[in-house]
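Chain by chain, the residues:
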There are 6 protein chains.
Amino acid sequence: MSISQADEVLAELEAPFYRAVGDEVEVFQAAARRGSPVLLKGPTGCGKTRFVETMAHGLGRELITAAGHEDMTSADLVGRFLLKGGETVWADGPLTRAVREGAIFYLDEVVEARQDTTVVIHPLADHRRELPIDRLGTTLRAAPGFQLVISYNPGYQSVLKSLKESTRQRFVAIELDFPPVDIETEVVTYEAGIPPETASALVKVGRAIRTLDGSPLREVASTRLLILAGGLVAEGLSLRSAVQSAVVQALSDDPDVVRALGELVDAVLPRA
Amino acid sequence: MSISQADEVLAELEAPFYRAVGDEVEVFQAAARRGSPVLLKGPTGCGKTRFVETMAHGLGRELITAAGHEDMTSADLVGRFLLKGGETVWADGPLTRAVREGAIFYLDEVVEARQDTTVVIHPLADHRRELPIDRLGTTLRAAPGFQLVISYNPGYQSVLKSLKESTRQRFVAIELDFPPVDIETEVVTYEAGIPPETASALVKVGRAIRTLDGSPLREVASTRLLILAGGLVAEGLSLRSAVQSAVVQALSDDPDVVRALGELVDAVLPRA
Amino acid sequence: MSISQADEVLAELEAPFYRAVGDEVEVFQAAARRGSPVLLKGPTGCGKTRFVETMAHGLGRELITAAGHEDMTSADLVGRFLLKGGETVWADGPLTRAVREGAIFYLDEVVEARQDTTVVIHPLADHRRELPIDRLGTTLRAAPGFQLVISYNPGYQSVLKSLKESTRQRFVAIELDFPPVDIETEVVTYEAGIPPETASALVKVGRAIRTLDGSPLREVASTRLLILAGGLVAEGLSLRSAVQSAVVQALSDDPDVVRALGELVDAVLPRA
Amino acid sequence: MSISQADEVLAELEAPFYRAVGDEVEVFQAAARRGSPVLLKGPTGCGKTRFVETMAHGLGRELITAAGHEDMTSADLVGRFLLKGGETVWADGPLTRAVREGAIFYLDEVVEARQDTTVVIHPLADHRRELPIDRLGTTLRAAPGFQLVISYNPGYQSVLKSLKESTRQRFVAIELDFPPVDIETEVVTYEAGIPPETASALVKVGRAIRTLDGSPLREVASTRLLILAGGLVAEGLSLRSAVQSAVVQALSDDPDVVRALGELVDAVLPRA
Amino acid sequence: MSISQADEVLAELEAPFYRAVGDEVEVFQAAARRGSPVLLKGPTGCGKTRFVETMAHGLGRELITAAGHEDMTSADLVGRFLLKGGETVWADGPLTRAVREGAIFYLDEVVEARQDTTVVIHPLADHRRELPIDRLGTTLRAAPGFQLVISYNPGYQSVLKSLKESTRQRFVAIELDFPPVDIETEVVTYEAGIPPETASALVKVGRAIRTLDGSPLREVASTRLLILAGGLVAEGLSLRSAVQSAVVQALSDDPDVVRALGELVDAVLPRA
Amino acid sequence: MSISQADEVLAELEAPFYRAVGDEVEVFQAAARRGSPVLLKGPTGCGKTRFVETMAHGLGRELITAAGHEDMTSADLVGRFLLKGGETVWADGPLTRAVREGAIFYLDEVVEARQDTTVVIHPLADHRRELPIDRLGTTLRAAPGFQLVISYNPGYQSVLKSLKESTRQRFVAIELDFPPVDIETEVVTYEAGIPPETASALVKVGRAIRTLDGSPLREVASTRLLILAGGLVAEGLSLRSAVQSAVVQALSDDPDVVRALGELVDAVLPRA
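Residues numbered from 1 in each chain as written. Chains lettered and ligands numbered in written order. Predicted model: local features only at pLDDT ≥ 70, side-chain atom pairs only at ≥ 80, totals over all residues. Heavy atoms only, no water.

- Under the annotation held in an unreviewed UniProt entry, chain A carries the name AAA family ATPase and is attributed to Nocardia aurea.
- Under Sequence similarities (unreviewed entry), UniProt gives the following word-for-word description of chain A: "Belongs to the CbbQ/NirQ/NorQ/GpvN family." (UniProt positions renumbered as here; feature names shortened; annotations may be inferred.)

## With respect to the overall build of chain A
Working step 1: Per the secondary structure count, chain A includes eleven helices and nine strands.
Working step 2: Expressed as a percentage of its 272 residues, the buried residues of chain A come to 60%.
Working step 3: Contacts in chain A between residues at least 24 apart in sequence constitute 70% of all its contacts with a sequence separation of at least 6.
Working step 4: For chain A, the exposed surface amounts to about 10300 Å²; the carbon and sulfur share of it is 53%. (Helix = DSSP H or I, 4+ residues; strand = E, 2+ residues; numbered from the N terminus. Buried < 20%, exposed > 50% of the residue type's maximum accessible area, 1.4 Å probe, protein only. Contact = heavy atoms within 4.5 Å. Areas by Shrake-Rupley, 256 points an atom, 1.4 Å probe, with all protein chains shown as cover.)

## Description of the sheet that holds strand β5 (residues 104–108) of chain B
Residue and element names in this part refer to chain B.
Working step 1: Spatially, the five strands line up as an open sheet ordered β2-β5-β8-β1-β9, and their pairing is parallel. If you trace the sheet from one side to the other, it starts and ends with β2 (63–67) and β9 (172–175), each paired once. Taken over all neighbouring pairs, the strand axes of this sheet differ in orientation by 20° on average, direction set aside.
Working step 2: Across four bridges, the pairing between β5 and strand β8 (residues 147–152) is parallel. Residue pairing for β8: I104 is matched across the bridge by Q147. (Pairing = 2+ DSSP bridges. Axes fitted to C-alpha atoms, helices over the stretch in contact; angles between N-to-C directions.)

## Remarks on empty space enclosed by the protein
All names here are of chain F.
Working step 1: One pass over the full model with this rule turns up one cavity of 30 Å³ or more.
Working step 2: Here the largest cavity is characterised by a volume of approximately 70 Å³.
Working step 3: Broken down by secondary-structure element, the contributors of at least two residues to the lining of the largest cavity are α3 (74–78), β3 (79–84) and β4 (87–92).
Working step 4: If you tally residues by element for the lining of the largest cavity, the top one is β3, at three residues.
Working step 5: Its residues assigned to classes, the lining of the largest cavity comprises three nonpolar, two polar and five charged. (1 Å grid on protein atoms, 1.4 Å probe; cavity = no way out; pocket = protein on both sides within 12 Å on 5 of 7 lines; lining within 4 Å. Points joined across faces, edges and corners; volume = space filled by probe spheres on them. Nonpolar A, V, L, I, M, F, W, Y, C, P; charged D, E, K, R; others polar.)

## Notes on the relation of the copies chain F and chain D
Working step 1: When chain F is brought onto chain D, the operation consists of a screw motion whose angular component is 60° and whose axial shift is 0.1 Å, with 0.0 Å RMSD remaining. Such a combination of rotation and displacement between the chain copies is what one expects of a six-fold axis. (Least-squares fit on C-alpha atoms with pLDDT ≥ 70 in both.)

## Remarks on the confidence of the model for chain A
Working step 1: On average, residues of chain A score 85 in pLDDT, and 89% of them are at 70 or above.
Working step 2: Low pLDDT (under 50) marks residues 1–13 of chain A, which in the prediction has 25 contacts with non-local residues, meaning those over four places away or in another chain. (pLDDT = per-residue confidence, 0-100.)

## Considerations on the pairing of strand β1 (residues 38–41) of chain F
Side-chain positions along a regular strand alternate between the two faces of the sheet.
Residues and elements named next belong to chain F.
Working step 1: Burial along β1 is two-sided: V38 and L40 facing one way and L39 and K41 facing the other are all buried.
Working step 2: Where β1 and strand β8 (residues 147–152) come together, four bridges link them in parallel fashion. In the sheet register, L39 faces β8, and the bridge partner there is I150.
Working step 3: Two elements, β1 and strand β9 (residues 172–175), share four bridges in a ladder whose sense is parallel. Its bridge partner being in β9, K41 is matched across the sheet by E175.

## Notes on the packing of aromatic side chains
The description of an aromatic ring pair rests on the distance of the ring centres and on the angle between the ring planes.
Working step 1: Using the criterion set out here, one finds 18 aromatic pairs over all chains in the structure.
Working step 2: Ring centres of Y18(B) and F51(B) lie 5.3 Å apart, and the angle between their planes is 50°; on these two criteria the pair is classed as tilted. Here Y18(B), found in the segment before α1 (24–34), pairs with F51(B), found in helix α2 (residues 48–59); they are 33 residues apart in sequence, far enough to count as distant.
Working step 3: The class of Y18(B) is buried, set by a relative accessible area of 18%.
Working step 4: A ring pair is formed by F17(D) and Y190(D), whose centres lie 3.9 Å apart and whose planes are at 10°; its orientation type is stacked. Highlighted residues: F17(D) in the segment before α1 (24–34) and Y190(D) in helix α7 (residues 181–192), separated in sequence by 173 residues.
Working step 5: Judged by relative accessible area, F17(D) falls into the buried class, the value being 13%.
Working step 6: Grouping aromatic residues by their ring pairs yields a cluster made of Y18(A), F28(A) and F51(A).
Working step 7: One residue, R210(B), lies across the ring of F178(B), its end atom 4.1 Å from the ring centre. (Phe/Tyr/Trp six-rings, centres within 6.5 Å; stacked < 30°, edge-to-face > 60°. Lys NZ or Arg CZ within 6 Å of the ring centre and 35° of its normal.)

## Points about the relation of the copies chain E and chain F
Working step 1: Mapping chain E onto chain F calls for a screw motion: a turn of 60° about the axis and a shift of 0.0 Å along it, with 0.0 Å RMSD after fitting.
Working step 2: Here only 4% of the contact residues of chain E are again contact residues in chain F; the copies associate through non-equivalent surfaces.

## Section: the interface of chain E and chain F
Working step 1: Across the contact, 48 residues belong to chain E and 54 residues belong to chain F.
Working step 2: Together, the buried faces of chain E and chain F total about 4500 Å²; carbon and sulfur atoms form 46% of this surface.
Working step 3: As a salt-bridge pair, E235(F) and R33(E) come within 3.4 Å of each other at their nearest N and O atoms.
Working step 4: Summed over the shared surface of chain E and chain F, the number is 16 residue pairs in polar contact (both at pLDDT 80 or more).
Working step 5: Of all elements in the fold, only α1 (24–34), β3 (79–84), β4 (87–92), α5 (115–119), β7 (138–141), α6 (165–168) and β9 (172–175) of chain E reach the threshold of two or more residues within the side of chain E that touches chain F.
Working step 6: Residue contributions to the side of chain E that touches chain F peak at six residues, all from α1(E).
Working step 7: By residue class, the composition of the side of chain E that touches chain F is 16 nonpolar, 13 polar and 19 charged. (Buried area = accessible area lost by both parts, 1.4 Å probe. Salt bridge = Lys/Arg side-chain N within 4 Å of Asp/Glu carboxyl O. Polar contact = N/O pair within 3.5 Å; in protein donor to acceptor, adjacent residues only side chain to side chain.)

## Focus: the nonpolar core
Working step 1: L95(F), F105(F), F146(F) and L148(F) are the most contacted members of the largest nonpolar core, which has 89 residues in total.
Working step 2: Excluding residues within four positions of it along the chain, F146(F) makes contact with L95(F), A98(F), V99(F), G102(F), A103(F), F105(F), L124(F) and R129(F).
Working step 3: Membership of the second largest hydrophobic core comes to 86 residues, among which are V38(C), I64(C), A66(C) and Y106(C). (Core = buried A, V, L, I, M, F, W, Y, C linked by side-chain atoms within 4.5 Å.)

## Examining the side chain of Q147(B)
All names here are of chain B.
Working step 1: Tracing the backbone shows Q147 in strand β8.
Working step 2: Q147 sits in the buried class, given a relative accessible area of 0%.
Working step 3: With near-sequence residues (within four places) excluded, Q147 lies in contact with F28, A31, A32, S36, V38, R61, A103, I104 and F105.

## Brief notes about the packing of helix α7 (residues 181–192) of chain E against helix α9 (residues 223–234) of chain E
All names here are of chain E.
Working step 1: For the pair α7 and α9, the least separation of the axes is 9 Å and the interaxial angle reads 45°. Taken together, α7 and α9 sit at an angle that is classed as oblique. Between α7 and α9 lies a crossing whose hand is right-handed. Counting all contacts with α7, which are made through E184, V187, V188, E191 and A192, the residues of α9 involved are T223, L226, I227, G230, G231 and A234.
Working step 2: Of the residues that constitute the contact of α7 with α9, the class distribution is six nonpolar, three polar and two charged. (Parallel < 35°, antiparallel > 145°, perpendicular 65-115°, else oblique. Left-handed = near helix turned anticlockwise from the far one by under 90°.)

Have a look at this one:
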């Protein structure tokens, strides 16, 4: 398949399902009007991606996403030269495309990326709003509407992998967390397509695990896990089997922890 | 040999031999109907690959497999540009092929792979079900039937190599283990092509090693090892020679351990 | 897009807004007349980039900027060969372009770059004022007007990442810091487009955080952060929400620190 | 020299000289009939390579050998694309060649290789007997007669470099060691082309070094070293000079150890 | 710009300004007559580069310079193949050019380079005087007049970065240091273009810093720094401002050290 | 310059100057008749390279040399593909050239090379005498006369860098050291072109340094250093200046050690 034949699969722009918890929507919209970059902080599976999708939809702008990883280089974001018919042809990376088209660029798990990836966004994250492309010997000014959004999970930060202060201090920071019980139940009901009572039972399980004293888990049961379990129930699996596979086994490999979580689930779930 | 001349060797789709132990088949099928990704956990040689082959056969879908390793990059999964007649031509990687064709993609030993490999599957492992291909500047929506399956051996996890929480929490987890005696005997009989009594003796050896108190072995005798030993017997080797080569010498290099295992085998095997 | 079609976006040369604090302007101008390279030292967000922009504007010279990062190689600065029509064509890097055109070259965060990046500027930073380009087998003498400016944040230096003495001792060093209250208030007022009283309140918050005893913060609230908060207020957000997002959440992820900073902000900000 | 002009030097298939010690030949032949992969374990220079050559000759199959090393990548085994006339042409690696032609593939010192090398052989080492070639987007089924043989020296294993359990448990393991006195004397006589008495003296030296109490040597005098010394004698060097160069100096650089070994040799060798 | 169009900027061969301190000129000239390689040792900014420039001028030979750095490979010195019109064309590196043309090759900061860089000069640094170019499959004999000069700063050596003994023992070593007061004053006067009294004051500052008891500085004020400060004075800056920027701030970032150095400067400089 | 135009500089085959000390010549010649590979051990500058040159001249064979270094890959020895006229053309590396032409291949400082370099010589170092070239898919049998010689300095070995046992045990080992006084004086006289009395004085200095009690030097004064000093004397430098530059300063950077060595030299050298 040549590049021009590559099937362009565009995400249909139906409004995503999102329930606001605090002033996150207002802060994001103010930053968006200003063109200020936004940093989303929050645990795995609490809805950061969904929040950005909702904001993009509300603003009527395209959303271009990339996920940071250890081997990501600045070329993965900015672009690179390709050989075509014996000529080198420049191919925009996702960041450059967003800069040209005035889209929202969302860099997920930014602390996983190497430093050249984060440094490359600096001139886009201050008053300059420009992207120097060394390999083209040029500098792009961001089109109106371009907005930079990055996210990370503070629980993952370590000495080796943390956001540089010179990067952080360019962003308006918004903290997200798991929603309160009623909103989480509404979300699980909607996303998994299950009755509210089943969703409520799953949210109870999730809450019980999150508030476990002295928990040996590296991370708690996210809203995403509860939706995953709900989906299995919607496909006909029993609630217990679904929770066992999508929550308990997903959270730990340790036989003792798995058994303890199983007992906790038994105590929380309604008798069948 | 040019690419187009490469011999395509298609696995014939005869039903693989698999005996279910718990509710693993039901959970997998529910996840498959939902399109939810599945994580298989279990020790070396307990049948994870065989289980996936069985599920794929039952669902009538193609199975595309890749094994994670330290040097695997995202390009190994997604694809890369090749030079052809002076043009760069895109060649789909195995993951992209599975996404286009709606196949089951099985990434074995996922924790061995570098992070960019695991991050690249994230958008395929949540509600988006899409694969962004940066180098093509495009995003593929997964064809119906596409399902992601990954596996790993929890005994291998270490601080350096473990599955990221943000990856784990996207998967329905299924734990597999060595089957109970009767099923394991049936499996060894069938796979090695030996009489049930011989298979039974081999399973006894395996069980004895697995339940050894204070075992110095990093891993126990797997079902796969017992089948390997059975195969040597089917080729005319004595039971003791077969167990010595395919089980004892395969499990340890330490002379003391080898001798102790040999004595255990002597105690378990019937006098010739 | 081919190289020649790349949109050249030139920064319009309106005078940037800068308020001098000490003799930094005189020292820079003397160094510029002499052609001596300049090293700017100072914390994140104190205005180093803005200072260089002001100096370049005052001297009527083009400013070419690059930001050091771990993966920057000398080729990123000097240039590289590109394939074009089957020929290798040399493409100047930003440093080479500045050397040819007599521009000011500003290498931001120089300690982040690998050593070959810093060594490559040595012959430009002493009496030779020349740039050897090994790959062309040539040596460029810097055009009149060329000046080298590098910057770094002393607070970031570590054993692993520090400026080599043989590099440092080629530069006239200028130390910058956050401006005094009246100048900082003027700057925040102008840059954020808010009333002086609001700017004054933000500067009070900034000063309070900077003088916190035994602060657990790796870095304090920079002028840039205060401008960012001011911008959110200009977009209609409340002062408290703006400070919470652009200052408090931007400075820390630690719940205790975030709460303590919030109390400090409450004590400093005027009752609504 | 172009590829097609490369001189193909085929090893003439005369029967290699090998004397069996235990049941290693029977186990290998049973595994070969079954198509099961074989793992050879044993110290440096004990005859592992010679054993495989003998087995290949006996089975009338071609032997293709590769030696594992730190920088070996899977492409070194599987193959890579080469540019030819502006086209990329695929060139089979040695493993792929063996898979297509049904040859014995012998990977020497497997633990030296990087993990992607060992993982690439997994599907060839179980019931699948297939080689996925990601870069061709194809999977080769092994031709009849293909057999995988790997070897390593257990004395070299360390925490960093050991065979993964998931690799080990796919192989029938055969342990080799230095042969008993009479066979070793016969081997040295034949290989070095010296009288049996001289060979006998050399074997005595080897035995004395191997049974040294509290030996400071990392490895003992192998059969290969004794043959090397014998060869120097066959070329006219005195027995003592030959042992000094080919055994003593080859085993250690430490002056004390060299002197101690020299005294041991004096005690063992017949007076001239 | 193509290679052939690259502007060749030749350094005009006016006699550089150099004042000999010991027998360094005689030793260098004897080594040059003999063709023996020379190793220059000495602190940052003491005049090593200037010394080599002076020697090259005196001998009427071209001087080709390269600075060692962590990422320098042997190809950076020896040369590499470039694609040109579909052909690979060899491009000499600076060392190869010097070998062909009988120039003096000066490798500055040799310990910074990787080992393959230093090993590549071995055959040029002994009786062979030849440069094997593996990639050309050829070996160049050095033209008459070729001389190898390397330099390093002994104060920088560490366990990780030191000159290998097998490299050192091929060189005639010359140690350079800061010149005595009268010569240093003459040098600063000449190079900065300032009155001798001002130069004398600067040299006094430099001497005071160099003889500081228990100095916390990694390196002292070099002659180069004093010339830099003198240049700022020549451009109209006050002596105190010049010393503050070009000496004090250049030597340290530590506020306490900066203040202490400032007090030392106040004590040494004449009252304005 | 294209490859075919590369100036082939052939070393004229005049007999090198070498004085035998022990039975090193006989051992080498026996190994050469047998085709057995040779390992030379000895300190820096004791004459290992000269010894091999002498042996090659005596046997009338070409000598091809390569020096091991950290970045050497097997391709540097075996060869690689080059692009030529749009075709990839294979270019033999120095080892392959020696294998084809039956030359002596001398790999100096073998422990510096990466493991793939040393592993690649294994099949050339045992009974097979063949070189598998994976990238050509071929295996070369060594031409008659081909002989492998490697060398290293035992004093440099460390845990990280030592010769693997499986490599060592393929070689006949010859230990070289500095020659006795009379031979060393003869060598220095001849090589430096100075009167025997001057050479004798230099050898006395060398001996005094080598037998220094509790020497802080990593390595002692080699014969090569004494020849280097002699050469400076031949060019008119005083004996003391020559020893100071070519011996004392070459051996140490430590002021105390330099002074102590200077006093030792004063005590040994004749009063001028």
